[in-house]
Each structure stands twice: as C-alpha cells, then as structure tokens.
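Topology and contacts: notes
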Amino acid sequence: MRTPRRTSVREPRELLDLVGEELGASEARVVTQEEVDRFADVTKDHQWIHVDVERAKTGPFGGTIVHGFLTLALVPRLLEDVLAVEDFSMGINYGLDRVRFVKPLPPGTEIQGVATLASAERIPAENGLEGVQAKASVVVEFAHDGTTCCVAEILFRYYP
C-alpha cells in the first residue's frame, strides 16, 4: 500500500505550476457489496455479476465485481483526498477525457487513488470570475499490490 500523501495549494492559480507533478495517493478505501447493491438500485443495473453473490461465485470472476461506473464515480472523492485547494468559491467536475476499466474490482478489496496533474490553464472570466481548468490522471489501484483497476482523466474547474 502506498503511503497517503496530499498536495495543498492556497488558490486555484497555483495549479498552473504543478503540471506534470504527482499530487499524491489517497487513503485506502473499500467498496462494499452493500454499496454495489445500492448503486445497482439507483442505476437499474442489476446484472448478476454485480449483485448475485451466490451465482457470481461460479462466474468468470469468482465472485461479484463492482460496477465500472461506481468505480469511476469514486474518482472525484479519491482526488479530493489527494489535492486540496484551500481558497475558492466554487469547484465543478467538468468532464472526462479518457476512462479505462483495466481490471475488475471485487467488493471488499482496498483501493487507492494516485493522481498526476496532466494540465492546468486559466479559463476566461465568466460572470466576472476567471478560473482554472485542470486535468488529473487518476489511477485507481489495488492497495495491496499497486495493480491498476481503473484509469480516468478527469477535468475540473475552480473559481476564486
């Protein structure tokens, strides 16, 4: 398991100087079968490989697996563990450039997010606020051995 590490900046424009830097590693986190079941209820994705514990034991993964999109939904939270911007009025998730679900995640397995700041640029003032748009490459790893589970390039904006 990686030692959790966090990068902190006072204001969004300081991100411009961190491009190419590894921002750190999140705390370890476990996705439970209960969370998988609740996600299935919300998304109406009750595929047996996710929710039928008994049937999944004889399936291709030897047990249930977390929905890829649930893993992806954790990326902003893992990034929050890794990057702290202290002084801003609003932050938004702006989108994704690339996502890959590299290896299935069994519920009950510890994961960590490791983030590198891929880009950062000023964005023109909107309603009087000039912001910063940044892109982080977040690798969701299995905490026990560092194997990649999911990779996502997430875009986000901060406004002062």
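Conventions used here
Residues numbered from 1 in each chain as written. Predicted model: local features only at pLDDT ≥ 70, side-chain atom pairs only at ≥ 80, totals over all residues. Heavy atoms only, no water. Helix = DSSP H or I, 4+ residues; strand = E, 2+ residues; numbered from the N terminus. Buried < 20%, exposed > 50% of the residue type's maximum accessible area, 1.4 Å probe, protein only. Contact = heavy atoms within 4.5 Å. Lys, Arg positive; Asp, Glu negative; His and termini not counted. Charge placed at Lys NZ, Arg CZ, Asp CG, Glu CD. Phe/Tyr/Trp six-rings, centres within 6.5 Å; stacked < 30°, edge-to-face > 60°. Lys NZ or Arg CZ within 6 Å of the ring centre and 35° of its normal. Arc of directions from axis to C-beta.

**Here's the deal with the overall build of the protein**
Looking only at helices and strands, one finds 5 helices and 8 strands in the protein. What you see in the protein, going N to C, is helices and strands ordered as β-β-β-α-α-α-α-α-β-β-β-β-β. Its C-alpha atoms put the protein at 55 × 35 × 20 Å along the principal axes. Sorting the 160 residues of the protein into buried and exposed places 42% on the buried side. Pairs at least 24 residues apart make up 68% of the contacts formed inside the protein by residues separated by at least 6 positions. If you average the places of the 17 positive and of the 25 negative side-chain charges in the protein, the two averages end up 3 Å apart.

**Some details on the packing of aromatic side chains**
Taken as a whole, this structure holds 3 aromatic pairs when the rule is applied. Both rings, one in Phe-69 and one in Phe-101, keep their centres 5.7 Å apart while their planes meet at 75 degrees; by these two values the pair is edge-to-face. One end of the pair, Phe-69, is in helix 4 (residues 68-73); the other, Phe-101, is in strand 5 (residues 90-101), with 32 residues separating them in the sequence. Since its relative accessible area comes to 41%, Phe-101 is described here as partly exposed. Look at Phe-88 and Tyr-158: their rings are 4.8 Å apart centre to centre, the planes differ by 70 degrees, and that puts the pair in the edge-to-face class. One end of the pair, Phe-88, is in the loop between strand 4 (83-85) and strand 5; the other, Tyr-158, is in strand 8 (residues 148-159), with 70 residues separating them in the sequence. The exposure class of Phe-88 is partly exposed, given its relative accessible area of 33%. Members of the aromatic cluster, joined through ring pairs, are Phe-88, Phe-156 and Tyr-158. Directly above the aromatic system of Tyr-94 lies the positively charged group of Arg-157, at a separation of 3.8 Å from the ring centroid.

**Thoughts on helix 1 (residues 33-43)**
Every buried residue belonging to helix 1 is among Gln-33, Val-36, Phe-39 and Ala-40, and all of these are buried. Buried residues in helix 1, looked at end-on, bunch into an arc of 120 degrees, giving them a common side. Opposite its buried face, helix 1 presents the exposed residues Glu-34 and Val-42, each directed more than 90 degrees away. At the C-terminal side of helix 1, Lys-44 shows a positive phi close to 65 degrees.

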